Amino acid sequence: MDPITALLEKVLIDVRPHDDGQPASYIPELASADPDLLAFGVVGPRGRVITAGDDGAEFTIQSMSKPFVLALALQTLGRDAVFARVGAEPSGEPFNAISLEAQTGRPANPMVNAGAIATTALIDGADIDERTSRVVAAMSAFAGRSLWIDESVYSSESGTGDRNRALAHLLKSYGIIRGSVHDAVETYFRQCSVLVTVRDLAVMAATLAFGGRNPVTGERVVSERVARDVTSIMASCGMYDFSGEWMLRVGLPAKSGVSGGVMAVATSQFGVAAFSPRLDAHGNSVRASAIVEILSDRFGMHVLEPHESIAAPGVTVEESAAGPVVRLGGELGFAGAERVISLLREIAASTPSAAQITVDAAELARVHPAAVLVLRTEIEALAPRFRLLE
Ligand code: GLN
């Protein structure tokens, strides 16, 4: 067994004893899930998928569909049109609460049911089937394979979905839903009933983690800005009324679903997904949450943890007849630019004053405007000894 897989297997051993909580029962079909199922998966930048535990188990995506439908709405309609109908504020309330803004009726955010139904209602289509196929196609692109619906979970949810129907009618009364309430709600039930495995979910999370590009298929699914917007909303609202404490303890944008899944996004590092059906009082899986918390800890993924390498370019120095050539590669951020400048000063101090020092920034894969400005200003001040190639 390779050392990474061994490390991941150890996580399963550590969380298995947590057997508190219950599978969701308000959707009858979910109550019959085997409560002992336990699995997770991790996907890195090159699309390598590592899974552990019951990784063949299929379960319905439930609320973890919400970020992907939000992504589809943002990609097709733009930020303004979407956030005119749904807010971006954590509600501090349970997922099925009537979290609507006092005057406008706008739901608090797209991660609670009211906001998700409002978001789904924005997806255009002549009928439920057409809307559903758009939504499922978008989710499939995130997963890198064709996903489909568990019809018995859908019937179970639709048959008992009065609270969601009531929320949708309220949204209609405020003009947040413009078309058919029935179509919006049934499409929402269908999107929640899409079957996935931890592998699928980890790839979906990874697509958000790598700026909207699926690292397994290589396909650009949504723009970098859309992926960033969705991840931002997950960071503040993804774990319902546990979102603040989740950020404190785990520090990763995440989304849970009542089937027992949790997926999390470590931007530029990993997509993670875990599954275990027993839920806590917030409707978040006990063991899946524990898995993500342990991973965040052991792999240093908390977003607010200091990272030495953030946007620090790779530097190679070559000698040429005219003097040293400093080649920059990778990403140049603001703090990285400061480091490069101090390195340039050291090189200048140890180089004969007649030699010209060339800084080659033409091969950088990614640059941030403030970083280039700092580098350019500094190099201009040091001219004519330094020359910058951009
Ligand atoms: N389909 C579920 C519902 O609408 C989704 C809720 C969830 O996963 N938190 O109630």
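None of the values given here were measured: they were computed from a predicted structure.

A separate point is the overall build of the protein. Scanning the protein for helices and strands turns up 15 helices and 12 strands. In terms of overall dimensions, the protein has a C-alpha envelope of 80 × 50 × 35 Å along the principal axes. When each of the 390 residues of the protein is scored for burial, the buried share is 54%. In the protein, the share of contacts with a sequence separation of at least 24, taken over all contacts with a separation of at least 6, comes to 68%. Just so you have it, the protein exposes about 16,600 Å², and 54% of that area is on carbon and sulfur atoms.

On to the packing of aromatic side chains, then. If you walk through the whole model with that rule in mind, you get six aromatic pairs. With a centroid separation of 3.9 Å and 5° between ring planes, the pair formed by F59 and F275 is classed as stacked. Placement of F59 in strand β3 (residues 59-60) and of F275 in strand β7 (residues 270-275) is noted, with a sequence separation of 216 residues between them. Taking relative accessible area as the criterion, F59 reaches 5% and is therefore assigned buried. Ring centres of Y188 and F189 lie 6.0 Å apart, and the angle between their planes is 50°; this geometry places the pair in the tilted category.

Our next topic: unusual backbone geometry. For Q62, which is not a glycine, the phi torsion comes out positive at approximately 50°. Position of Q62 relative to the elements: it lies in the loop between β3 and α3 (66-77). What makes Q62 buried here is its relative accessible area of 2%. Phi angles above zero are rare outside glycine, and Y240 is one such case at about 55°. Here Y240 lies in the loop between α11 (224-237) and α12 (243-249). The exposure class of Y240 is buried, given its relative accessible area of 5%.

A few words now on the environment of G105. With respect to the helices and strands, G105 occurs in the loop between α4 (79-83) and α5 (113-121). Considered as a pair, G105 and A141 are 36 residues apart in the sequence and their alpha carbons are 32 Å apart. The residues touching G105, leaving out its near neighbours within four places in the chain, are L100, L171, Y174 and I176.

All right, on to the site of the ligand then. Every residue lining the ligand is accounted for by Y26, Q62, S63, F95, N113, E157, N164, Y188, C192, Y240, G257 and V258. One of the side-chain nitrogen or oxygen atoms of N113 is found 3.1 Å away from an oxygen atom of the ligand. Contact distances for the ligand include 2.4 Å between a nitrogen atom and a side-chain N or O atom of E157. When isolated, the ligand has an accessible area of 300 Å², and the protein chains bury 99% of it. A class-by-class count of the residues in the shell around the ligand yields six nonpolar, five polar and one charged.

Topologically, R190 is positioned in helix α9 (residues 181-192). Among the polar contacts made by the side chain of R190, one reaches the side chain of E151 at a distance of 2.8 Å. Discounting chain neighbours no more than four positions away, the residues touching R190 are I128, T132, I149, E151 and Y154.

All right, on to the nonpolar core then. M139, L201 and M204 are the most contacted members of the largest nonpolar core, which has 67 residues in total. V11, V42, I50 and V250 belong to the second-largest nonpolar core, a separate cluster that totals 28 residues.

Overall, antiparallel pairing links the five strands, which are arranged β2-β1-β7-β6-β5 in an open sheet. The open sheet has two edge strands with one neighbour each: β2 (49-53) and β5 (254-256). Averaged over neighbouring strand pairs, the angle between their axes works out to 10° when direction is ignored. As paired elements, strand β1 (residues 39-43) and β7 share five bridges and run antiparallel to each other. The partner of F40 across the bridge, within β7, is A274. Across the sheet, helix α1 (residues 3-15) lies against β1 and β2, angled at about 35° from β2, the strand it touches most. Across the face of the sheet, helix α13 (residues 286-298) comes into contact with β1, β6 (261-266) and β7 while running at roughly 150° to β7.

Two elements in contact, helix α6 (residues 128-143) and α9, have axes separated by 9 Å at closest approach and are oriented at 35°. Classified by chirality, the crossing of α9 by α6 is right-handed. From α6, I128, R131, T132, V135 and M139 reach across to α9, where they touch H182, D183, A184, E186, T187, R190 and Q191. When its residues are assigned to classes, the contact of α6 with α9 shows four nonpolar, four polar and four charged.

Okay, the pattern of salt bridges next. If you walk through the whole model with that rule in mind, you get 18 salt bridges. Close ionic contact of R298 with D14 constitutes a salt bridge, the shortest N to O distance being 2.7 Å. Of this pair, R298 sits in helix α13 while D14 sits in helix α1, and the two are 284 residues apart along the sequence. Here D14 falls in the partly exposed class, since its relative accessible area comes to 26%. Residue E101 is joined to R106 by a salt bridge in which the shortest nitrogen-to-oxygen separation is 2.9 Å. A residue is classified by how much of its surface remains accessible, and E101, at 34% relative accessible area, is partly exposed.

Rules used throughout
- Residues numbered from 1 in each chain as written.
- Predicted model: local features only at pLDDT ≥ 70, side-chain atom pairs only at ≥ 80, totals over all residues.
- Heavy atoms only, no water.
- Helix = DSSP H or I, 4+ residues; strand = E, 2+ residues; numbered from the N terminus.
- Buried < 20%, exposed > 50% of the residue type's maximum accessible area, 1.4 Å probe, protein only.
- Contact = heavy atoms within 4.5 Å.
- Areas by Shrake-Rupley, 256 points an atom, 1.4 Å probe, with all protein chains shown as cover.
- Phe/Tyr/Trp six-rings, centres within 6.5 Å; stacked < 30°, edge-to-face > 60°.
- Near = heavy atom within 4 Å.
- Polar contact = N/O pair within 3.5 Å; in protein donor to acceptor, adjacent residues only side chain to side chain.
- Nonpolar A, V, L, I, M, F, W, Y, C, P; charged D, E, K, R; others polar.
- Core = buried A, V, L, I, M, F, W, Y, C linked by side-chain atoms within 4.5 Å.
- Pairing = 2+ DSSP bridges.
- Axes fitted to C-alpha atoms, helices over the stretch in contact; angles between N-to-C directions.
- Left-handed = near helix turned anticlockwise from the far one by under 90°.
- Salt bridge = Lys/Arg side-chain N within 4 Å of Asp/Glu carboxyl O.

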